[in-house]
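Coordinate inspection notes
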Amino acid sequence: MDPEHASVREPRASRASHREIADELRSRIGSGALRPGQRMPTQAELAEEFGVERGAVRQALDILHAERLLTGVSKGSPARVAEGAWPGWSAAPPQPTVVGLGPRVAAAFAAPQVRIDALCLTSVSLTLAVGEQLRLIHAGELKPAKIDVRVLLPSRRIELAFPTPVDPVHAGDGGLLHERWLAVRNAQGLVLRQNLLALRTTHGIDVRLTFRALPFTPPVKLYLLNEAEALFAYYTLGRHEQREFGGEPLQLYDADGTRSMLFAFGPGAGTRDGGTRDSGSREAEARDTAFVAESRRWFDALWETISSDLELT
């Protein structure tokens, strides 16, 4: 095999969707397993690896091409990782929340004082990202002096805009969808609270965790890290099928927050490899700084005005 050619992994036991294939390949680019300029496996090799037809592979490659992570997708030879793709590019393209949030939270936890403000639907991604840092704290690899986390979540008392049944005939099932969302929201919040507050007694870390309830369904998610970085994603709705309601499949509108593409705004977003900033990158940094500051103002305004006490029960 061509030495510059990416290795092919063992075939998967289950068939993957084109979005799952795109997520996996994007993760390999982000980790450096696929390097800028490197030739991708052929569509046939990827189809064998993921256990899918070539059509699903082509769809996945088209997604990465649209994100400017791949070049030459439409040509006869295998695509290549774009020269501007990770690693070594601080102006990195967006990633799904569950992939992109972890490294940024890890960077935040490297500071002696950690502050995280989050606005989201359930806090699933945040709990996962923080969980890895807690493991490092327990392993003795990290010991921040202070951790301050504020989380805004939808109130249990509102009617959610999503998830919601597609057909008004099934409007009654909206109550079951609400109960399921509430169970996830509370479970994730309780895990986050239990794990963080335990650091007070186990490691003597000054920990503060506060939840507040919003009177609306947030159409976006926002994470503010150490008052210097903002991570932003849209909850993009799609049509999904839920099969656990009375044995009949229920069509609903919902968003998969873990796959929402996360955009980063913060210091150094306009530079490559720590190089000197040109006028364009300085302008980009100024825009990032303004976006972070305005996002903090927006979050604080919600926290201090229309939000209310939230109980995880």
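As shown above, the structure is provided for reference.
Residues numbered from 1 in each chain as written. Predicted model: local features only at pLDDT ≥ 70, side-chain atom pairs only at ≥ 80, totals over all residues. Heavy atoms only, no water.

1. Focus: the overall build of the protein chain
Put simply, the rule is: Put simply, DSSP H or I for four residues or longer makes a helix, DSSP E for two residues or longer makes a strand, and each gets a number counted from the N terminus. Classification of residues uses two cut-offs on accessible area relative to the type maximum, computed with a 1.4 Å probe and protein chains only: under 20% is buried, over 50% is exposed, and between them is partly exposed. Whether two residues touch is decided by their heavy atoms; if any such pair falls within 4.5 Å, the residues are in contact. For the accessible areas, the method is Shrake-Rupley and the probe is 1.4 Å, while residue cover comes only from the protein chains on display.
From N to C terminus, the protein chain includes seven helices and 13 strands. By residue count, 43% of the 313 residues in the protein chain fall in the buried class. For the protein chain, long-range pairs separated by at least 24 residues make up 76% of all intrachain contacts whose partners lie at least 6 apart in sequence. Accessible surface, the protein chain: about 16100 Å² in total, of which carbon and sulfur atoms supply 50%.

2. Regarding the pairing of strand β7 (residues 206-214)
How we decide: Strand pairing requires that DSSP identify at least two bridges connecting the strands.
Sheet analysis places strand β5 (residues 146-154) next to β7, joined by nine bridges and oriented parallel. What sits directly across from arginine 150, in β7, is threonine 210. One ladder, built from two bridges, connects β7 with strand β13 (residues 308-309); its direction is antiparallel. Across the sheet, residue alanine 213 finds its bridge partner in β13, namely serine 308.

3. Re the packing of aromatic side chains
What counts, and what does not: A pair of Phe, Tyr and Trp rings is counted when the ring centres sit within 6.5 Å of each other, with Trp represented by its six-membered ring. The angle between the planes then sorts it: under 30 degrees is stacked, over 60 is edge-to-face, the rest tilted. Each ring is checked for a lysine NZ or an arginine CZ that lies within 6 Å of its centre and within 35 degrees of its normal; such an atom marks a charge sitting over the ring.
Taken as a whole and assessed by the stated rule, the structure comprises five aromatic pairs. Between phenylalanine 162 and tyrosine 235, the ring centres sit 5.9 Å apart and the planes meet at 55°, which makes this aromatic pair tilted. One end of the pair, phenylalanine 162, is in the loop between β5 and β6 (164-165); the other, tyrosine 235, is in the loop between β9 (229-234) and β10 (238-245), and 73 residues separate them in sequence. Residue classification places tyrosine 235 among the buried residues on the basis of a relative accessible area of 9%. Ring geometry for phenylalanine 232 and phenylalanine 291: centres 6.0 Å apart, planes at 90°, overall edge-to-face. Linking phenylalanine 232 in strand β9 with phenylalanine 291 in helix α7 (residues 279-304), this pair joins segments that are 59 residues apart in sequence. Of the residues examined, phenylalanine 232 reaches a relative accessible area of 18% and is grouped as buried. Put simply, the rings of Phe232, Tyr234, Phe265 and Phe291 touch in pairs and so form one group of aromatic residues. Between the NZ or CZ atom of arginine 150 and the centre of the ring of tryptophan 303, over which it lies, the distance is 5.0 Å.

4. Examining the nonpolar core
Formally: Nonpolar cores are built from buried Ala, Val, Leu, Ile, Met, Phe, Trp, Tyr and Cys residues. Side-chain atoms within 4.5 Å join them into one set.
Of all hydrophobic cores here, the largest spans 42 residues; its most connected members are Phe109, Ile116, Val130, Ile147, Val151, Leu196 and Tyr223. Where this core is concerned, the elements lending two or more residues are α4 (97-109), β4 (113-119), α5 (124-138), β5, α6 (174-203), β7, β8 (220-225) and β9. At six residues, α5 tops the list of elements feeding residues into this core. Not counting the four nearest positions on each side in its chain, isoleucine 147 is found in contact with Phe109, Val114, Ile137, Leu196, Leu199, Ile205, Asp206, Val207 and Arg208. Grouped together as the second largest cluster of nonpolar side chains are 22 residues, Leu25, Leu34, Phe50 and Ala79 included.

5. Re the packing of α4 against α5
A pair of packed helices is characterised by two quantities: the angle between their axes and the separation of those axes. For clarity, the threshold we go by: To get an axis, a line is fitted to the C-alpha atoms, and for a helix only the part in contact is used. The angle between two axes follows their N-to-C directions and goes from 0 to 180 degrees. Here the word oblique covers every angle except those under 35 degrees (roughly parallel), over 145 (roughly antiparallel) and from 65 to 115 (roughly perpendicular). By convention, the crossing between two helices is left-handed when the near helix turns anticlockwise from the far helix through less than a right angle, and right-handed when the turn is clockwise. Residues are grouped as follows: Ala, Val, Leu, Ile, Met, Phe, Trp, Tyr, Cys and Pro are nonpolar; Asp, Glu, Lys and Arg are charged; every other residue, Gly included, is polar.
Across the interface, α4 lies against α5 with an axial gap of 9 Å and an inter-helix angle of 40°. Taken together, the axis directions place α4 and α5 in an arrangement best described as oblique. The handedness of the crossing between α4 and α5 is right-handed. Between α4, through Thr97, Val98, Leu101, Gly102, Val105, Ala106 and Phe109, and α5, the contact on the second element is made entirely by Ser125, Leu126, Leu128, Ala129, Val130, Gln133 and Ile137. For the contact of α4 with α5, the residue count by class is ten nonpolar, four polar and no charged.

6. A word on the environment of proline 36
Mapping proline 36 onto the fold places it in the loop between α1 (18-31) and α2 (43-50). Judged by its relative accessible area of 28%, proline 36 is partly exposed. It is 5.0 Å that separates the C-alpha atoms of proline 36 and valine 81, two residues lying 45 residues apart in sequence.

7. Quick word on the layout of surface pockets
Our working definition: Only protein atoms enter the 1 Å grid used here, on which a cavity is any set of points holding a 1.4 Å probe that cannot leave and a pocket is any open set flanked by protein within 12 Å on both sides along at least five of seven lines; residues with an atom within 4 Å of a point are listed as lining. Grid points are joined across faces, edges and corners, and a volume is the space filled by probe spheres set on the points.
Quantified by volume, the largest pocket comes out at close to 970 Å³. At the level of elements, α1, α5, α6, β8, β10, β11 (248-254) and β12 (261-265) are the ones that each hand at least two residues to the lining of the largest pocket. The class makeup of the residues in the lining of the largest pocket is 18 nonpolar, ten polar and eleven charged.

8. Topic: the sheet that holds β7
With mixed pairing, eight strands are arranged side by side in an open sheet as β3-β12-β9-β8-β4-β5-β7-β13. Either end of the sheet is taken by a strand with one partner, and the two such strands are β3 (95-96) and β13. Relative to β12, β9 runs antiparallel, the two being bridged by three bridges. Residue pairing in the sheet places leucine 231 in a bridge with alanine 264 of β12.

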